[in-house]
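Residues per chain, in single letters:
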Amino acid sequence: MGIKILTKDIDVPGIQNFQVYRSYGGYNSVEKALRMTPDEVVEEVKKSGLRGRGGAGFPTGMKWSFIDKKSGKPRHLVCNADESEPGTFKDRYLMSKNPHILIEGMITSSFALGANLSYIYVRGELMYVVNILQRAIDEAYANGFLGKNILGSGYDLELHVTCGAGAYICGEETALIESLEGKRGNPRIKPPFPAISGVWSNPTVVNNVESIAAVPYIVNNGGEEYAKIGIGKSTGTKLISASGHINKPGVYEIEMGVTVEEFIYSEEYCGGIWKGRKLKAVVAGGSSVPILPANLILKLANGEPRLMSYESLSDGGFATGTMLGSGGFIVFDETASIVHNLWNFERFYHHESCGQCSPCREGTGWVEKILHKFLDGHATMEDIDLVADVAKKIEGNTICPLGDAAAWPVASAIKHFRPEFEWYVTNPEEACKPGAYYTGDKLVLA
Amino acid sequence: MDLLKVTIDGIEIEVPAGTTILEAARKIGKNVPPAMCYYSKLEGSGGKCRTCIVKVSQGSTKDPRPMPKPVASCRTQVMDGMVVLNETSPEIMEARASVVEFLLINHPLDCPICDQAGECHLQDLGYAHGKQKTRYEFKRRTFDKIDIGPYVQLHMTRCILCYRCVFTCDQITNDRVHGVLNRGDSAEISTYIEKSIENDFSGNVIDVCPVGALTDKTFRFKNRVWFTKPVNAHRNCTTDKCSGKVQLWYKGNEVIRVTARKDQWGEVEEFICNTCRFEKKETTDWVIEGPAKVDNKSVIGQNHYELSYDKPVVPPKISLFADHPSFKDDSKFIN
């Protein structure tokens, strides 16, 4: 069993209640942090090597140190709980089962940033999580951990939980800020970055739920202790949302550095591919990261086993690698259709594009329509190159990363599974049959 | 004030801090990135259409790293020692061509019946950077028609969602009733529950619209713009904030359209009120100043398309006709 930090007490009965959470050592980090200076807390987080768990993997401590303190404006911490990446459901699990760990992390982190007004922005579809969090916040207020003069330290913090209206784009930090301010959730044009001008034009840090929930452990045990967990620059533990064709789908907390093979096949985690089938492909970090075929996800290009860590998963760049992303681990068995899956992803991005900048607004819809031709059996060989080219033209030319997120799956699917696309073109009648799947040379009906 | 040195396509210029790359390029006057959504008079505009993207090959003297992605020149401020590649970068020309392609895939291309034709920025952009043939084979997007009042005609199918009209109404009129509804490729400029736009300055949305999405109902189908003659004129307008400085567009002796004056970048110089625009259509209403000069790259100026600026390194496929032998001789175009 690997070390558990975030999910250690998650199955304790009543852990949602303040008293139970407190009796398991909860809110100790607040007491400890309030005896430190904010800079010391930031220093601990820097030492821990904690990296943003929302997808980009940017070092959290460094992000905190960018916040503009010179302007004298009020500062804010915003927790990005708008978890909407297809394949990712770790934050929902954590917040609904153990809300206080997030509240505790918010208080400690806000103190480190000098924020007196902080927000948790929850995805619109997770209304029940808002209620759970609100109850936890009320309890924290009642026990003196929130509000004026927390624990007699002189530090004030107001914490609000608010929810979006169900737009994927509001998980992008500047769109989230717009939405939080009550505006249309369009990403802002950067610069200025939120660290200079975020919520209400004040310096703001936006962090993922999991990043913030890791802070109490770091404060309690010291950054160096946290840095010992994991491997290389991927320190600590990571929540992985495992889904797809596996025996035991669910949220697993892993220590960084577990091999992908162990994660998929061991009984402790996914428990192997269901129905005794073979592994075909894996999307390792949520729908937007490149899809990898079985051989590349299990082994690096040089033959070494691939590990569940930021570096190992991205080894080989986008040619033979992928990204850890937000940890949405989607497994495909041999009967899955890469083409159909890709269309499904692109349909999602088309639906969720905010429509602000041209390449994403027009391109995502175009990509979806071309891919649908494959499923209808009307596609031509040129369409394979066309869809790859359109995706390439979206990538990098947009305001926010949604364009990239829509483009990467297309490029990787075509790169690694081109014969399957060609099969849809040359044998449309076979390929479009319900239950048919591609095995390389012969048609198989499930 | 400290001046920052910036190099755009090999041409050096010194500009004050806070200047954007696009503004610096406009100061140089050559190799200016096209701007479909940016409008210097409207705060917060720009960054959306992505046609003005450029490559920053050196961030600044202090931090010479290149920027990883193309940046929107209209919203990126220059740094001292910044080196920018615009038309000298083949990648940028390719990226710009693809942005134009994206803008056109759902555009109806109904220029022959569009009032904006001839003074349309998308048309200019398409001629300069567009491809000759579309790769898009699906049904183009259409919208339900919405009546937004007596003066302004909204053709949502032509819209490229530049947000200029939204910024205009937000910033120069006191009651904006329209905005962007829905999202993604169903996003549309609209008034909520089909309200009409009625305020003193609403007509300016026609001038700021880069395409034929918002046109003048009083001028609709009256004439092609290149058959009309622009004349500068002014009147002593009593409306608050209206400059009273306009362009009258004549057909024979008749004023068939009144617009604000535009600068060489196609931007309104000073906004005008609806009274000047829609109600004063007699020569006697105005003090005539003289013929207006029209930027010669536009169809109105020359009656045909020709790039007035130096050709980019990657020559764009300019015209639908240019390759045809019978059109080689330019003189045939001029009347």
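Every value quoted in this text rests on a predicted model; they were computed, and no experiment measured them.

A. Quick peek at helix H2 (residues 28–35) of chain A. Residues and elements named next belong to chain A. Among the residues making up H2, those that are buried are Ser29, Val30, Ala33 and Leu34. Buried residues of H2, viewed axially, fall in a sector of 130°; they line one side. Against the buried residues of H2 lie helix H3 (38–48), helix H6 (99–113) and helix H9 (209–221).

B. Expanded view of the interface of chain A and chain B. Contact residues are listed per partner, giving 35 residues for chain A and 34 residues for chain B. The contact between chain A and chain B buries some 2900 Å² in all, and 50% of this surface belongs to carbon and sulfur atoms. Summed over the shared surface of chain A and chain B, the number is 6 salt bridges. With a shortest N-O distance of 3.1 Å, Arg141 of chain B and Glu362 of chain A are connected by a salt bridge. Remark: the boundary between chain A and chain B carries 20 residue pairs in polar contact (both at pLDDT 80 or more). Those elements that provide at least two residues to the side of chain A that touches chain B are helix H15 (338–352), helix H16 (358–376) and helix H17 (381–394) of chain A. Of the residues forming the side of chain A that touches chain B, the biggest block, 10 residues, is contributed by H16 of chain A.

C. The arrangement of the packing of aromatic side chains in detail. Applying the stated criterion across every chain, the model contains 23 aromatic pairs over all chains. On the numbers, 5.5 Å between centres and 75° between planes, the contact of Trp366 of chain A with Tyr136 of chain B is edge-to-face. Here Tyr136 of chain B lies in the loop between helix H3 (121–129) and strand S6 (152–154) and Trp366 of chain A lies in helix H16, a pairing that spans two chains. An identical accessibility class is assigned to Trp366 of chain A and Tyr136 of chain B; each is buried. Seen from their ring centres, Trp423 of chain A and Tyr424 of chain A are 5.6 Å apart, and the 85° between their planes marks the pair as edge-to-face. Of the two residues, Trp423 of chain A and Tyr424 of chain A, neither departs from the other in class, the shared state being buried.

D. Focus on the packing of H2 of chain A against H6 of chain A. All names here are of chain A. Here H2 crosses H6 at 10°, and the two axes come no closer than 9 Å. Between H2 and H6, the crossing angle belongs to the class labelled roughly parallel. Every residue of H6 that contacts H2 at Asn28, Ser29, Val30, Ala33 and Leu34 is listed here: Glu104, Ile107, Thr108 and Phe111. Of the residues belonging to the contact of H2 with H6, the class tally is 5 nonpolar, 3 polar and 1 charged.

E. Spotlight on the sheet that holds strand S5 (residues 82–85) of chain B. Residue and element names in this part refer to chain B. In space, the 5 strands of this open sheet follow the order S2-S1-S5-S3-S4, with mixed pairing throughout. Of all the strands in the sheet, just strand S2 (11–16) and strand S4 (71–72) have a single pairing partner and so form its edges. Relative to S2, helix H1 (residues 21–28) is tilted by about 120°, and along the sheet it contacts strand S1 (3–8), S2, strand S3 (53–58), S4 and S5. In the packing of helix H2 (residues 90–105) onto the sheet, the strands contacted are S3 and S5, and the crossing angle to S3 comes to about 160°.

F. Fine view of the confidence of the model for chain B. Residues and elements named next belong to chain B. Put simply, chain B has an average pLDDT of 85, and 87% of its residues get 70 or more. Per-residue pLDDT, averaged within each element of chain B, yields its smallest value for helix H7 (residues 299–302) (56) and its largest for S5 (95). The low-confidence segment residues 303–335 (pLDDT under 50) makes 46 contacts with residues lying over four places distant or belonging to another chain. Here the predicted complex carries an ipTM of 0.90, next to a pTM of 0.90.

Procedures and definitions
Residues numbered from 1 in each chain as written. Chains lettered and ligands numbered in written order. Predicted model: local features only at pLDDT ≥ 70, side-chain atom pairs only at ≥ 80, totals over all residues. Heavy atoms only, no water. Buried < 20%, exposed > 50% of the residue type's maximum accessible area, 1.4 Å probe, protein only. Helix = DSSP H or I, 4+ residues; strand = E, 2+ residues; numbered from the N terminus. Arc of directions from axis to C-beta. Contact = heavy atoms within 4.5 Å. Buried area = accessible area lost by both parts, 1.4 Å probe. Salt bridge = Lys/Arg side-chain N within 4 Å of Asp/Glu carboxyl O. Polar contact = N/O pair within 3.5 Å; in protein donor to acceptor, adjacent residues only side chain to side chain. Phe/Tyr/Trp six-rings, centres within 6.5 Å; stacked < 30°, edge-to-face > 60°. Axes fitted to C-alpha atoms, helices over the stretch in contact; angles between N-to-C directions. Parallel < 35°, antiparallel > 145°, perpendicular 65-115°, else oblique. Nonpolar A, V, L, I, M, F, W, Y, C, P; charged D, E, K, R; others polar. Pairing = 2+ DSSP bridges. pLDDT = per-residue confidence, 0-100.

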